[in-house]
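Report on the structure
For reference, the chains in residue letters:
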Amino acid sequence: MSAVAVVNFPEWTEYRKKNGLDPLGMQNSSVTLYQTLIPGIGNVTLRMRYYGLYAWLSWVYAKRIGDTNPQTWQRMIRRAEALYALIAQRRGDEGGVTGSDWAQKTLDNLHGRTIDFAEAAKTRKETPDYYFAVDWGAYGLAYASQLFQIGIFDPSREHAIALPSVDLGEKLALAFDKELGELSGQFYDAIQRGRVSVRDLDAFVRLAPSGIRNGGTERKLYEDILFGRIGPQDEAATSRRASLLLILTIAKQIQRAPTPDDVRWTLYAGKDQEGRLFTPAAQQLQAQTERWRLYHANDLCHVALECLLKYILDTLDEYPRGIAPSSLIARCVDEITSTSTHPPPSWNAFVLSLPPGANPGDPNIQDSEFALVNAIMAARRPIHRCSADVARNALTLLAILHRAFRANTQAITEELKNLDFTAFHSLLTEGRYLEQVGDAPFQDAVARIIEERVMRRHLWVALRKFQRQGDYTFLVESDDGLIRLREKDGPVFTNPRLGPAIRFLHDIHLLGENGLTRRGVEVLQAS
């Protein structure tokens with residue numbers, strides 16, 4: 001009989017496996033940055049029309065129900081979301097809708113002319129056949145916070161039920177109700193009953209996310225909200241407007257609807273992948289472009305260091321009984337430096353040896369940031385081993401960012417200075433650190449980066465999470481002076497809400513398959 005390995009976890013803590021949880025504590029600085037770049041839109045607010053749906057729900061709830069019991073409001077939310085999923089799937093070809101898998105299964109197994117969805121709208125504690133696991137549905141998971149931030153909802157001092165704001169929320173609710181038209185009463189009744197006839201469902205399909213009418217008041221309101229023409233006139237609205245205009249400007253330049261990567265790399269590189277300069281004329285858009293550039297550089301910084309972590313973990317995998325940290329670091333440094341026949345004498349010399357790239361976002365240029373990232377991300381998966389060559393790519397990317405830090409120290413400091421440096425490591429903290437090791441021999445500098453900015457940093461972050469949250473996220477464990485591998489992790493980019501923002505612009509007819517629509521051109525010209 002073969003031996004079976006048994007892992008005994010400490011009795012004084014509940015073991016919970018955690019993956020992808022920012023092992024170096026650097027992703028949170030990128031998240032903090034992008035939250036200010038596209039406020040009012042979230043990574044899981046996937047369709048614009050939900051904003052109108054929830055505005056209408058809160059308006060009609062206050063008008064026809066008025067119960068301040070949160071459970072009554074929760075039931076209406078869940079029933080409305082389940083019905084909306086059925087509507088979207090009945091229309092077909094609708095993405096970004098909560099409960100779509102349940103709805104499609106329900107429609108596939110339809111018997112008779114009525115669909116009873118009241119049971120599926122219950123919470124997972126009440127039924128095993130729920131449409132969505134989160135108790136407050138997509139509303140609680142994604143949309144509520146954005147509805148408050150963007151000004152569609154106002155908080156109440158007297159109860160926990162959301163209220164539509166007078167200047168914006170009620171206008172949107174009325175516009176949504178106008179689109180319902182004669183179906184308004186039937187839609188409300190279906191939500192209250194938790195049951196809908198197939199005939200009514202077929203009539204409701206015009207309410208699906210892609211059904212926003214091009215010439216309707218509802219569409220115009222969405223545009224006005226996104227571009228800050230109505231609602232709170234604050235810094236958040238200004239920033240969101242600038243980011244959306246940048247997306248439209250890129251679409252105009254590349255003559256198609258951009259992807260999130262198109263936007264990120266064009267703003268970072270100042271060029272599109274064809275090498276054409278990207279230079280928005282408006283001063284406000286130039287300033288926003290610079291903020292996006294710094295955000296992306298910050299993301300590249302933690303990706304480079306997380307790649308070095310992946311290289312360490314893959315090397316550590318060869319020592320199941322453990323290895324002394326000093327021996328592991330020495331081996332990693334030797335392997336990385338051996339990838340070059342003539343290693344540079346110092347870190348500063350390494351930085352100076354890298355000429356500025358013609359286009360940082362061109363994947364076909366050797367050692368462009370884009371090409372380096374492609375190599376890094378190809379080796380990120382646990383089943384793929386990160387080679388010394390890829391680790392060298394990570395160091396090259398880090399050196400390019402260090403060069404950029406030196407050239408833009410003031411702008412980087414201004415953008416990142418308000419972060420808590422005890423909790424947030426960023427391009428600013430890492431740039432300052434690299435300045436300290438710049439004159440050290442190259443091998444010594446690499447050893448210090450690996451030990452101090454990767455290994456020790458991960459252990460500190462994991463210990464902090466364990467102490468504060470009880471989450472055991474250590475990727476390595478120490479025993480009797482040796483360290484062993486526990487889990488693997490790889491570099492991860494943060495997700496700066498560009499996907500939903502682009503989808504919203506499609507939903508309100510500013511973007512189409514070929515890029516800007518006629519209305520998109522008008523919005524851009526009016527800016």
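Calculation rules
Residues numbered from 1 in each chain as written. Predicted model: local features only at pLDDT ≥ 70, side-chain atom pairs only at ≥ 80, totals over all residues. Heavy atoms only, no water. Patch = residues over 30% accessible without salt bridge, like charges linked within 9 Å, V, L, I, M, F, W, Y side chains within 5 Å. Areas by Shrake-Rupley, 256 points an atom, 1.4 Å probe, with all protein chains shown as cover. Salt bridge = Lys/Arg side-chain N within 4 Å of Asp/Glu carboxyl O. Helix = DSSP H or I, 4+ residues; strand = E, 2+ residues; numbered from the N terminus. Buried < 20%, exposed > 50% of the residue type's maximum accessible area, 1.4 Å probe, protein only. Pairing = 2+ DSSP bridges. Domains from an automatic or database assignment. Contact = heavy atoms within 4.5 Å. Buried area = accessible area lost by both parts, 1.4 Å probe. Polar contact = N/O pair within 3.5 Å; in protein donor to acceptor, adjacent residues only side chain to side chain. Nonpolar A, V, L, I, M, F, W, Y, C, P; charged D, E, K, R; others polar. pLDDT = per-residue confidence, 0-100. Phe/Tyr/Trp six-rings, centres within 6.5 Å; stacked < 30°, edge-to-face > 60°.

In this section: a nonpolar patch on the surface. Taken together, the side chains of Val-44, Val-134 and Leu-141 define a hydrophobic patch exposed on the protein surface, amounting to about 230 Å² of accessible area. Relative to the assigned elements, Val-44 resides in the loop between helix H1 (27-37) and helix H2 (49-64). Judged by its relative accessible area of 44%, Val-44 falls in the partly exposed class.

Next up on the list: the pairing of strand S6 (residues 482-485). Sheet faces and side chains relate simply in a regular strand, where the side chains alternate between the two faces. Relative to S6, strand S5 (residues 476-479) runs antiparallel, the two sharing 4 bridges. What sits directly across from Ser-478, in S6, is Ile-483. Hairpin remark: S5 followed by S6, antiparallel, with 2 residues in the connecting loop; positive phi at Asp-480, about 55°.

Considered domain by domain, the protein is made up of domain 1 (26-33 + 293-485), domain 2 (48-209) and domain 3 (235-285 + 495-526). Computed from C-alpha coordinates alone, the two centres of domain 2 and domain 3 are separated by 31 Å. In this complex, domain 2 contributes 7 residues to the contact, which on the side of domain 3 involves 6 residues. Counting the surface lost from both domain 2 and domain 3, the interface buries some 550 Å², and carbon and sulfur atoms represent 56% of this. Ranking the residues of domain 2 by area buried against domain 3 places Met-48, Ile-150 and Pro-209 at the top, with a combined share of 63%. Here domain 2 and domain 3 share 0 salt bridges between them. Our count for the domain 2 to domain 3 interface comes out at 2 residue pairs in polar contact (both at pLDDT 80 or more). A breakdown of the residues in the side of domain 2 that touches domain 3 according to their chemical character gives 4 nonpolar, 3 polar and no charged.

Let's shift gears to unusual backbone geometry. For Gln-255, which is not glycine, the phi dihedral falls at a positive 60°. With a relative accessible area of 64%, Gln-255 lands in the exposed category. With phi around 65°, Asp-367 is a residue other than glycine that occupies positive phi space. Looking at where Asp-367 falls in the secondary structure, it is placed in the loop between helix H14 (347-352) and helix H15 (369-378).

Below, the discussion takes up the confidence of the model for the protein. Mean pLDDT over the protein works out to 93, with 96% of the residues at or above the 70 mark. With pLDDT under 50 throughout, residues 1-20 is counted as low confidence; its partners more than four residues away or in other chains account for 17 contacts.

A few words on the packing of aromatic side chains. For any pair of aromatic rings, the description consists of the separation of the ring centres together with the inter-plane angle of the planes. Tallying each qualifying case throughout the model produces 26 aromatic pairs. Considering the side-chain rings of Tyr-50 and Tyr-84, the 5.2 Å spacing of their centres and the 65° angle between planes classify their relative orientation as edge-to-face. Taken together, the positions of Tyr-50 in helix H2 and Tyr-84 in helix H3 (residues 70-91) put the pair 34 residues apart, joining distant regions of the chain. Where Tyr-50 meets Tyr-143, the ring centres are 4.8 Å apart and the plane angle is 35°; that geometry is what we call tilted. Taken together, the positions of Tyr-50 in helix H2 and Tyr-143 in helix H5 (residues 137-150) put the pair 93 residues apart, joining distant regions of the chain. For Tyr-50, a relative accessible area of 1% gives the class buried. A relative accessible area of 1% means that Tyr-143 is categorised as buried. Of the aromatic side chains, those joined through ring pairs into one cluster are Tyr-50, Tyr-51, Tyr-54, Tyr-61, Trp-73, Tyr-84, Trp-136, Tyr-139, Tyr-143, Phe-148, Phe-153 and Phe-504.

What follows concerns the pattern of salt bridges. Applying the stated rule across the entire model yields 32 salt bridges. In this structure, the salt-bridge partner of Arg-49 is Glu-218, at a minimum N-O distance of 2.9 Å. In this pair, Arg-49 sits in helix H2 while Glu-218 sits in helix H9 (residues 217-226), placing the two residues 169 residues apart along the sequence. For Glu-218, a relative accessible area of 1% translates into the label buried. In this structure, Glu-119 engages Lys-122 in a salt bridge whose closest nitrogen and oxygen atoms are separated by 3.1 Å. The class for Glu-119 is partly exposed, based on a relative accessible area of 35%. Given the relative accessible area of 35%, Lys-122 is considered partly exposed.

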